[in-house]
Amino acid sequence: METSAKGEGVGKVEKVEFDASEIEYVSYGGEHHLPLIMNLVDQELSEPYSIFTYRYFVYLWPQLSFLAFHEGKCVGTVVCKMGEHRSTFRGYIAMLVVIKPYRGRGIATELVSRSIKVMMESGCEEVTLEAEVTNKGALALYGRLGFIRAKRLFHYYLNGVDAFRLKLLFPQPELHPSLPMMVDKDDSHKHGDHRHSVE
Ligand SMILES: CC(C)(COP(=O)(O)OP(=O)(O)OC[C@H]1O[C@@H](n2cnc3c(N)ncnc32)[C@H](O)[C@@H]1OP(=O)(O)O)[C@@H](O)C(=O)NCCC(=O)NCCS
């Protein structure tokens, strides 16, 4: 999903002075976090989601959603899921937002990295998402993290804009023995929830 980002607006964005160490990252901790996530996504992404959509993600995969706080204020969030898709077990990044005054300081990178780490530890082989072809910031961010543009989805968004399907493939140690061991060898906790497929 990851609907298109809302326009940057005409006003100048006041940046907030802060040290990166002052940002606290927490995984979804319950119903009190839900309005914080909803407010951020409603503010920054163009298409409204119903509360059921949010609940679907955070109730089933609370360990994959993270919030970033600065002095008690929620300034960023990522919402994800994972499941079987065709022959793979894969993660999916549904929403990612950092509010404007806090952008450009690595908060989105940290949020996404935390979700991806949990996906890897859970046995995912890849991670996907969709991003608007015009969303330079998101495309640059995911490109830096190693995502490739797997597909172009024509008129994907309600506003008629195309999307790229972005994909990050995890190294498979059994296929590439020379690669660093990025995935956990212990299979005992893998594939925790197979009830819902991705997409
Ligand atoms: C996209 C978004 C989440 C990035 O958040 P952020 O905290 O500023 O991202 P980071 O600071 O972690 O950026 C990491 C890298 O991404 C790239 N990047 C991020 N925003 C960028 C922008 N506006 N233009 C160009 N590159 C950008 C840069 O390479 C950056 O690294 P650098 O600062 O060392 O150059 C934020 O701009 C946002 O919330 N946008 C609106 C919602 C949205 O588009 N969500 C994604 C939908 S797919």
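Note: the structure precedes this text.
Not measured: the values here are computed from a predicted model.

A.B. asks: When you look at the sheet that holds strand 4 (residues 88-98) in this model, what are you seeing that I'm missing?
C.D. replies: What holds strands together in a sheet is hydrogen bonding between their backbones, with the strands either parallel or antiparallel. The strand order 1-2-3-4-5-7-6 describes an open sheet built from seven strands, whose pairing is mixed. Of all the strands in the sheet, just strand 1 (23-27) and strand 6 (148-153) have a single pairing partner and so form its edges. Pairs of neighbouring strands in the sheet enclose a mean axial angle of 25°, with direction left out of account. Across five bridges, strand 6 lies against strand 7 (residues 163-169) in antiparallel orientation. Along strand 7, the bridge assignment pairs R149 with L166. Relative to the sheet, helix 3 (residues 107-121) contacts strand 1, strand 2 (66-70), strand 3 (73-85), strand 4 and strand 5 (126-132), its axis offset from that of strand 3 by approximately 30°.

A.B. asks: Explanation requested: helix 1 (residues 34-44) in the structure shown.
C.D. replies: At 3.6 residues per turn, the α-helix brings residues three or four places apart onto the same side. Looking at helix 1, one finds that the buried residues are I37, L40 and V41. An end-on view of helix 1 places all buried positions within 95° of arc, on one side of the element. Those residues of helix 1 that are exposed and aimed more than 90 degrees away from the buried face are P35 and Q43. Those residues of helix 1 that are buried lie in contact with helix 2 (51-60), strand 2, strand 3 and strand 4.

A.B. asks: What is the right way to look at the environment of E44 in this model?
C.D. replies: Relative to the assigned elements, E44 resides in helix 1. Since 18 C-beta atoms lie within 10 Å of it, E44 is described here as partly exposed. As a C-alpha pair, E44 and V98 span 54 residues in sequence and 8.2 Å in three-dimensional space.

A.B. asks: How do you make sense of the environment of E84 when you look at a structure like this?
C.D. replies: Within the fold, E84 resides in strand 3. Spatially, the C-alpha atoms of E84 and C124 are 9.0 Å apart, while their sequence positions differ by 40 residues.

A.B. asks: Would you take a moment to explain unusual backbone geometry for this structure?
C.D. replies: It is generally the case that most residues other than glycine have a negative phi and that most peptide bonds are trans. Residues other than glycine seldom take positive phi values, yet E71 does so here, at roughly 45°. The topology assignment puts E71 in the loop between strand 2 and strand 3. C-beta crowding within 10 Å serves as the criterion here: with 10 such atoms nearby, E71 is assigned to the exposed category. A positive phi is found at R86, a non-glycine position, where the angle reads about 50°. When you line up the elements, R86 lands in the loop between strand 3 and strand 4.

Reading the values: the criteria
Residues numbered from 1 in each chain as written. Predicted model: local features only at pLDDT ≥ 70, side-chain atom pairs only at ≥ 80, totals over all residues. Pairing = 2+ DSSP bridges. Helix = DSSP H or I, 4+ residues; strand = E, 2+ residues; numbered from the N terminus. Axes fitted to C-alpha atoms, helices over the stretch in contact; angles between N-to-C directions. Contact = placed C-beta atoms within 7 Å. Buried ≥ 20, exposed ≤ 12 C-beta atoms within 10 Å, placed from the backbone. Arc of directions from axis to C-beta.

That is the geometry; function is a separate question.
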